[in-house]
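Letter by letter, the chains look like this.
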Amino acid sequence: MFYKKTNIVDINHNIESPFKLKVSFNKLLSHYESLAKDGEEFIAKKAKRILKVANKYPELRDGFSDSSILETREKEISIILQDSFNPILTNNEIKTASVPFHNLIFNSSNRFKNIINAAGDDFELSIKNMPEDDTYIIACTIILKFCYGYDLDFKRPFYYEIPDKNGIMRYYKILYNADFTEIVPSENARKITNKDYDELLDNFENIEIWKEKFPPGSYIFKGFVISNIFDVTDDQSISNIKSSLIGEDKRKDANFMEDFHEIFRSLLNIKELKVGFAIFNKEENNFERVYGEGVQSFLLDKLDVKHCSDALCKGSYAKLLQKKSFYAISNVDKMYELSKGKAPQIAALKSQGIKSAIFAPIADDNELLGVLEIVSDKPKVLNSINANKLIDVMPNILSAVQRSRKEEENLIEAIIQQECTSIHPSVYWKFEREAKNFIKEQLKGNKVAFNKIGFDNIYPLYGQIDIKGSSEARNWATKQDLTIQLEMVKAILKKAILNEALPIYEQFIYQINSYLEGLESHFQVDSEQQISEFFKQDIDPLLIHLDESEALKPDIESYFESIDEKVNVLYNHRKNYDDTITLINKEMSSLLDRKQDEAQLMYPHYFERFKTDGVEHNMYIGESITKVDSFNPVYLYNLRLWQLQVMCEMENAYYLMRSDFPISLDVASMILVFNQPLSISFRMDEKQFDVDGTYNARYEIVKKRVDKAYIKGTNERVTQKGKITVVYSQKQDEIEYLRYIKFLQSKHYLDTDVEIVELQDLQAVTGLKALRVSVLYHKNQLDKEFYTYDDLIKEIKV
């Protein structure tokens, strides 16, 4: 009779509940009394027989909490419950008799017993979705309904999760029949008023209030409940699939796929089962791997991408991609023999030790999005028949894949925006606000345009670390490469004349000599293009022709081996130059970005940088950017000092790493000071901020021209290697920056050779001045000595 016996005699022992539990069959026996009086003769006789048995033992009607009585009166209880537990249905029905909120089951059907026995000796039965903390309160809500008529709808489906003999989890739904229960207040029960009820309605989670209204053991529960239990594994598996797919960032969860395997094992009742996915790329007609923790693809095996025609045979291709129907292989080994190993999907499965498989298209009416792969290392357990169990699952998987694809598109868009058209975090709030307004007006049906994004009364800061003589360095590298390439061709043509004295060879040599002379004496902007065209149009076809000559073949092969495949020219010196520029920009940008993260913590401001022949940066600071009323000029002064200090640090960092670059180049640093606040707005066409107004535009003009400016009355550029140049126009700027320079001199960032110079007038810009001061350098990061630029170069060369 018993599912589980216990050494505890009193069933109320160690249980905190408003109920004092008593097992009683009073209400059931009362029902038999009615049948004995008014029922049909056969039924009445049976009822009287049951009553005769029960009347010998008053405790069966009065109720008891001593669990030993369940064993002592096992035979009598079985007779009383005979109609409720029909012996004809005992192997089909899953049914138990028990008391609520207790694991004591004192009668059950054979099928229930078999289910529990299959789960193993160490299995502990418990209601899966009944939190222990809620049982007290749930009991109180039952009292409210039974004793006071307050019908609180707290009905929830309760479940058991019980593994079968193969370890596959099965799900069982519990429906309670409480027809044979009585609840009566004890002497210490408090009477519940409407005021109490109203208070309880808003305090479900406050257990102390419930205990105050319903003290432990204050109500007598007499009777028992019958649990009618149903196997709902299929429905619950589908629900679990849906729940699993709803959550975000599942692909990052290491347990997600293992949980997913378990759900499908329950659905298909197969222990040896795994699940995989492949995404379909319509544009490329490829299957692609889904990246995530534990996500596999059995079609792709170890590959990341595979063309569909290489992954599937014609028949499976048509079934999955065209008909969008399930494709099942019940016996992989047999199919491998029949196809002679030529069917790619069969070959892929066999190489992975898979014996049976189902491929289910994840598709809507118009488009295939991917393939769900279910595989097993057991033959025939997966087949075209149980594949139909997936029909109810696929809509949920389709919805999840569609959502995932949309999220991926949004993520790609966000990455493109971040990496290519970045909106700085300091101003993102305003774009977000305008976007919300845009959506709101659109939903109202209004015709809308994205409002102008602008910031008024902000202070600009500009700086650059520029590669000195970059144009000259590139021209030199270009001349070297072109000269070497021309000389190689010239040497080949001279050998060709010895074999075949054609005048055209002499003409080509003459043209090559003209190009060489031009490179030496007057290299021009279009010289590189002209010579490249000469190689492409005249020389390359000729050398391909001459390659047939055994005497010339080694030289021609050596020539083509020296040509870069990407640019189709000799690319040695220019590559060194380009690599150096790239490395300089990368290292300087990286350093500036790291320093910027620190600066943003001091006070938020707009920041952007650009890579040219060096690195430029813009910063804007002011009240309208920060969104809150917190700006003070001290934050502007702090940012200016920070900028000057960081420029010194970038200079030092550059010269420490210069020896690692392919070629040695110098840099010069400059800061432009503009002491008047201005306005900026975001230009939608160019996807960047620009200054507003004619007066403010002067700032942009100065930025573009000032680094090429000369000191008044000289041919000397204002920016020089080894020096920081601060360009300004107002006396107060000069005083301010002299303070900063003096401070940085005390910290050994700058030397004492401060110059104040006037600049030659620029087009539409006059009256500019500059402070120039030498940077102090270190030979390495641990070096405590300080060097000027000239001293540093001497030290490095030594």
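Residues numbered from 1 in each chain as written. Predicted model: local features only at pLDDT ≥ 70, side-chain atom pairs only at ≥ 80, totals over all residues. Heavy atoms only, no water.

1. Let's talk about the overall build of the chain
Along the backbone of the chain there are 27 helices and 23 strands. Against the globule reference of 28 Å for 798 residues, the chain gives a C-alpha radius of gyration of 43 Å, more extended than a compact globule. If you line up the chain on its principal axes, its C-alpha atoms span 130 × 75 × 60 Å. Relative to its 798 residues, the chain shows a buried fraction of 45%. Look at the contacts in the chain between residues 6 or more apart in sequence, and 67% of them connect residues 24 or more apart. (Helix = DSSP H or I, 4+ residues; strand = E, 2+ residues; numbered from the N terminus. Rg over C-alpha atoms; globule rule 2.2 N^0.38 Å. Buried < 20%, exposed > 50% of the residue type's maximum accessible area, 1.4 Å probe, protein only. Contact = heavy atoms within 4.5 Å.)

2. Structural notes on the side chain of Arg 772
With respect to the element layout, Arg 772 can be found in strand β23 (residues 769–774). Classification of Arg 772 by relative accessible area gives buried; the value is 3%. Only 2.7 Å separates the side chain of Arg 772 from the side chain of Glu 716, close enough to count as a polar contact. Of the polar contacts made by the side chain of Arg 772, one reaches the backbone oxygen of Val 718; its length is 3.1 Å. Excluding residues that lie within four positions of it along the chain, Arg 772 makes contacts with Ile 711, Glu 716, Arg 717, Val 718, Gln 720, Lys 723, Ile 724, Thr 725, Asp 753, Val 754 and Glu 755. (Polar contact = N/O pair within 3.5 Å; in protein donor to acceptor, adjacent residues only side chain to side chain.)

3. Let's talk about unusual backbone geometry
The residue Asp 301 is not glycine, and still its phi comes out positive at about 55 degrees. Assessed through its relative accessible area of 26%, Asp 301 is described here as partly exposed. Of note, the phi angle at Asn 568 is positive, near 60 degrees, even though the residue is not glycine. Looking at where Asn 568 falls in the secondary structure, it is placed in the loop between α21 (553–561) and α22 (573–602).

4. Details of the pattern of salt bridges
Evaluation of the coordinates by the stated rule reveals 35 salt bridges. Two residues, Asp 481 and Arg 574, come together in a salt bridge whose shortest N-O distance is 3.1 Å. With Asp 481 in helix α18 (residues 470–499) and Arg 574 in helix α22, this pair connects stretches of sequence that are 93 residues apart. Of the residues examined, Asp 481 reaches a relative accessible area of 0% and is grouped as buried. A salt bridge links Arg 772 to Glu 755; the shortest N-O distance between them is 3.3 Å. One end of the pair, Arg 772, is in strand β23; the other, Glu 755, is in strand β22 (residues 755–758), and 17 residues separate them in sequence. (Salt bridge = Lys/Arg side-chain N within 4 Å of Asp/Glu carboxyl O.)

5. A short note on the sheet that holds strand β3 (residues 105–108)
Think of a sheet as strands paired side by side through backbone hydrogen bonds, with each pair either parallel or antiparallel. Taken in spatial order, the 5 strands of this open sheet run β3-β2-β8-β5-β4, and their pairing is antiparallel. For this open sheet the edge positions go to β3 and β4 (158–163), each flanked by a neighbour on one side alone. Ignoring strand direction, the axes of neighbouring strands in this sheet form an average angle of 30 degrees. Relative to strand β8 (residues 225–231), strand β5 (residues 169–177) runs antiparallel, the two sharing 6 bridges. Among the inter-strand pairings, Lys 173 is bridged to a residue of β8, identified as Phe 230. (Pairing = 2+ DSSP bridges. Axes fitted to C-alpha atoms, helices over the stretch in contact; angles between N-to-C directions.)

6. Considering the packing of helix α1 (residues 26–38) against helix α2 (residues 41–55)
At a closest axis distance of 8 Å, the pairing of α1 and α2 adopts a crossing angle of 140 degrees. Here α2 runs oblique to α1, going by the angle between their axes. For the crossing formed where α1 meets α2, the hand is left-handed. For the pair α1 and α2, the contacting residues are Leu 29, Tyr 32, Glu 33, Leu 35 and Ala 36 in the first and Ile 43, Ala 44, Ala 47, Lys 48, Ile 50, Leu 51 and Ala 54 in the second. Partitioned by chemical class, the residues of the contact of α1 with α2 number 10 nonpolar, no polar and 2 charged. (Parallel < 35°, antiparallel > 145°, perpendicular 65-115°, else oblique. Left-handed = near helix turned anticlockwise from the far one by under 90°. Nonpolar A, V, L, I, M, F, W, Y, C, P; charged D, E, K, R; others polar.)

7. Some details on the nonpolar core
In this structure, Met 588, Leu 644, Ile 724 and Leu 750 are the most contacted members of the largest nonpolar core, which totals 49 residues. Broken down by element, this core gets its largest block of residues, 13 residues, from helix α24 (residues 633–657). If sequence neighbours within four positions are ignored, Met 588 has contacts with Ile 465, Val 615, Met 650, Ala 653, Tyr 654 and Met 657. With 44 residues, the next largest nonpolar core counts Leu 21, Ile 77, Tyr 136 and Ile 192 among its residues. (Core = buried A, V, L, I, M, F, W, Y, C linked by side-chain atoms within 4.5 Å.)

8. Overview of the environment of Glu 283
Summarising the element assignment, Glu 283 is placed in the loop between β9 (274–281) and β10 (286–289). C-alpha separation for the pair Glu 283 and Gln 402, spaced 119 residues apart in sequence, amounts to 17 Å.

9. Quick notes on the packing of helix α19 (residues 503–521) against helix α20 (residues 527–546)
Direction vectors running N to C along α19 and α20 enclose 150 degrees, while the axes themselves pass 12 Å from each other. One way to sum up the angle between α19 and α20 is to call them roughly antiparallel. Seen along the crossing, α19 lies across α20 with a hand that is left-handed. For the pair formed by α19 and α20, the contact residues are Tyr 505, Phe 508, Gln 511, Ile 512, Tyr 515 and Leu 519 on the first element and Gln 530, Ile 531, Phe 534, Asp 538, Leu 542 and Leu 546 on the second.

10. A few points about the confidence of the model for the chain
Residues at a pLDDT of 70 or more form 91% of the chain, whose mean pLDDT is 85. In the predicted structure, residues 1–6 sits below a pLDDT of 50 and forms 25 contacts with residues beyond four places in sequence or in another chain. (pLDDT = per-residue confidence, 0-100.)

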